[in-house]
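# Architecture at a glance
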Amino acid sequence: MKRLSPFAIAACLLLGPALAWAANDTPVGTWRQVDDVTGKPKSVIQITDDNGKLQGKVLQVLLSDDGPHPICKKCDGERKDQPIEGMVIMWNVSKDGDVWDGGKILDPKNGKVYSVKLSLTDGGQKLDVHGYIGFSLLGRSQVWERMQ
């Protein structure tokens, strides 16, 4: 059996942490949505990349006032009275420097659609999700936690 050269060992030691960091430099992944009022986990969201545009889909509702399988009663159009689990609630979000924005996010509780801005914190383990109407200085933020 061949021995690893010192160069190969050094390369693995140097590149290993870089590869682990690179996996967390994007919002793509599975997130636990934490309610900004109660601090309790509300749902599990999967963010995917569709040709450079991020979208988020509800995989599971963890906490709901409307029972275990809530529907979007206050939504308009094709989302009206549809199950929230499996629903795409964020779409058309694109990278802009260190943030992702330009897209929309739906709040299934009130049926309203907001502009959205995403920014990673805590080494990519947390995602600041800021929904707003008009100016991004106004609005509401939630911190989502990356699930491993």
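Refer to the structure printed above.
This is a predicted model, so every value here is computed, not measured.

## Side note on the sheet that holds strand S3 (residues 53-61)
- The 8 strands lie next to each other as S1-S2-S3-S4-S5-S6-S7-S8, forming a closed barrel whose pairing is antiparallel. Taking the axes of each pair of neighbouring strands and ignoring which way they run, one obtains an average angle of 30° across the sheet.

## Thoughts on the nonpolar core
- Residues Ile-47, Leu-118 and Trp-144 are the most contacted members of the largest nonpolar core, which totals 22 residues.
- If near-sequence neighbours (up to four positions away) are discounted, Ile-47 is found in contact with Pro-27, Val-28, Gly-29, Trp-31, Leu-54, Gln-55, Gly-56, Met-90, Leu-127 and Trp-144.

## Side note on the side chain of Arg-146
- With respect to the helices and strands, the residue Arg-146 is situated in strand S8 (residues 140-146).
- With no salt bridge to any partner, buried Arg-146 finds its closest opposite charge in Asp-25, at an N-O distance of 7.1 Å.

## Comments concerning the side chain of Asp-107
- Relative to the elements of secondary structure, Asp-107 occurs in strand S5 (residues 99-107).
- Among all residues touching Asp-107, those that are not within four sequence positions of it are Lys-112, Tyr-114 and Arg-140.

## Re the pattern of salt bridges
- Enumeration according to the criterion identifies 4 salt bridges in this entry.
- Asp-107 is paired through a salt bridge with Arg-140; the nearest N and O atoms lie 3.5 Å apart. Remark: Arg-140 occurs in strand S8 and Asp-107 occurs in strand S5; sequence separation between them is 33 residues.
- Residue classification places Asp-107 among the buried residues on the basis of a relative accessible area of 15%.
- Residue Arg-140 is classed as partly exposed on the basis of its relative accessible area of 40%.

Rules of the game
- Residues numbered from 1 in each chain as written.
- Predicted model: local features only at pLDDT ≥ 70, side-chain atom pairs only at ≥ 80, totals over all residues.
- Heavy atoms only, no water.
- Pairing = 2+ DSSP bridges.
- Helix = DSSP H or I, 4+ residues; strand = E, 2+ residues; numbered from the N terminus.
- Axes fitted to C-alpha atoms, helices over the stretch in contact; angles between N-to-C directions.
- Core = buried A, V, L, I, M, F, W, Y, C linked by side-chain atoms within 4.5 Å.
- Buried < 20%, exposed > 50% of the residue type's maximum accessible area, 1.4 Å probe, protein only.
- Contact = heavy atoms within 4.5 Å.
- Lys, Arg positive; Asp, Glu negative; His and termini not counted.
- Salt bridge = Lys/Arg side-chain N within 4 Å of Asp/Glu carboxyl O.

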